[in-house]
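Commentary on secondary and tertiary structure
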Amino acid sequence: QVQLVESGGGLAQAGGSLRLSCAASGITFRSYYMAWYRRQAPGNQRELVASISSSGRTNYADSVKGRFTISRDNAENTVYLQMNNLKPEDTAVYYCNAARSGMEYWGKGTLVTVSS
């Protein structure tokens, strides 16, 4: 059974930092394309925040470039999202995503709230 479990969300002040983690099980983690998405309000679509390929290539949404860093630890089957200089508009539920060859899995999400 595939599980993606996010952690690290919570309340932060504007300008502060949080580090999200996503622990994966039930997949060959090192071969999966991993990503973080977020949904900023109920009813909105999830938007891609950052992604990292199996080879370590990263990609970021323009809104988070220079502030967020995605990384992965294949030995620990975990992907991270370091979020610095947080802004109120970063408030969202953040979801972990694993994808490969047409297969896709989602975590349940972790809430990040940034106060001004």
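One can find the structure itself at the top, above this paragraph.
What counts as what
Note on numbering: residues in each chain are counted from 1, in written sequence order. Under the rules for a predicted model, residues below a pLDDT of 70 receive no local features and side-chain atom pairs below 80 are neither given nor counted, while totals for whole chains, interfaces and linings still include all residues. Excluded from the side-chain calculation are hydrogens and water; included are all heavy atoms of the structure. Put simply, a disulfide is two cysteine sulfurs that come within 2.5 Å. Think of it this way: any DSSP run of H or I at least four residues long counts as a helix, any run of E at least two long counts as a strand, and we number them from the N terminus. By definition, residues are in contact when any of their heavy atoms lie within 4.5 Å. Polar contact criterion, stated in full: a pair of N or O atoms within 3.5 Å, where within protein one must be able to donate a hydrogen and the other to accept it, and residues adjacent in sequence count only if both atoms are side-chain atoms. Here, a salt bridge means any side-chain nitrogen of Lys or Arg that lies within 4 Å of a carboxyl oxygen of Asp or Glu. Burial status follows relative accessibility: with a 1.4 Å probe on protein chains alone, a residue under 20% of its type maximum counts as buried, one over 50% as exposed, and anything between as partly exposed. As used in this record, nonpolar core signifies buried Ala, Val, Leu, Ile, Met, Phe, Trp, Tyr and Cys residues forming a set joined through side-chain atoms within 4.5 Å. DSSP-based pairing: two strands are paired if at least 2 bridges between them are found. For helices, the axis comes from a line fit to the C-alpha atoms of the stretch in contact; other axes are also lines fit to C-alpha atoms, and the angle between any two N-to-C directions lies between 0 and 180 degrees.

**A look at the state of the cysteines**
- According to the stated counting rule, one finds one disulfide in the structure shown.
- The disulfide partner of cysteine 22 is cysteine 96, and the gap between their sulfur atoms is 2.1 Å. One disulfide, between cysteine 22 and cysteine 96, carries an S-S torsion of -80° and so falls in the left-handed class. Of this pair, cysteine 22 sits in strand E3 (residues 18–25) while cysteine 96 sits in strand E9 (residues 92–100), placing them 74 residues apart in sequence.

**So, the environment of tyrosine 60**
- If you trace the backbone, tyrosine 60 turns up in strand E6 (residues 58–60).
- Between the C-alpha atom of tyrosine 60 and that of serine 25, which follows or precedes it by 35 residues, the distance is 25 Å.
- Leave out the neighbours within four places in its chain, and tyrosine 60 touches Val49, Ala50, Lys65, Phe68, Thr69 and Ile70.
- Polar side-chain contacts of tyrosine 60 include one of 2.9 Å to the backbone nitrogen of isoleucine 70.

**Here's the deal with the pattern of salt bridges**
- On inspection of all chains with the given rule, the structure shows four salt bridges.
- Among the salt bridges present, the one from glutamate 47 reaches arginine 38, with a minimum N-O distance of 2.6 Å.
- The partly exposed category is assigned to glutamate 47, whose relative accessible area is 29%.
- The salt bridge involving aspartate 62 is made with lysine 65; its shortest N-O contact spans 3.1 Å.
- Judged by relative accessible area, aspartate 62 falls into the exposed class, the value being 67%.
- Where salt bridges share partners, they join Arg38, Glu47, Arg67 and Asp90 into one cluster.

**A short note on the nonpolar core**
- Among the nonpolar cores identified, the biggest contains 29 residues, and Met34, Trp36, Val79, Leu81, Met83 and Tyr94 are the most heavily contacted of them.
- Those residues in contact with methionine 34 that sit more than four places away from it in its chain are Leu4, Phe29, Ala50, Ser51, Ile52, Ile70, Arg72, Val79, Cys96, Asn97 and Ala98.

**Section: the pairing of strand E1 (residues 3–7)**
- Going residue by residue along E1, you find Leu4 and Glu6 tucked away on one face and Gln3, Val5 and Ser7 left uncovered on the opposite face.
- Strand direction decides the pairing type here: E1 and E3, joined by five bridges, are antiparallel. When the sheet's bridge partners are listed, glutamine 3 is paired in E3 with serine 25.

**Observations concerning the sheet that holds strand E7 (residues 68–73)**
- Read across the open sheet, the four strands follow the order E1-E3-E8-E7; overall the sheet is antiparallel. Of all strands in the sheet, those bounded by a partner on one side alone are E1 and E7. On average, each strand axis in the sheet is tilted by 15° relative to the strand beside it, whichever way the strands run.
- Of the strand pairs in this sheet, E7 and strand E8 (residues 78–83) are connected by six bridges, and their pairing is antiparallel. By the bridge assignment for E8, arginine 72 is matched with valine 79.

By themselves, these observations are geometric and do not establish any function.
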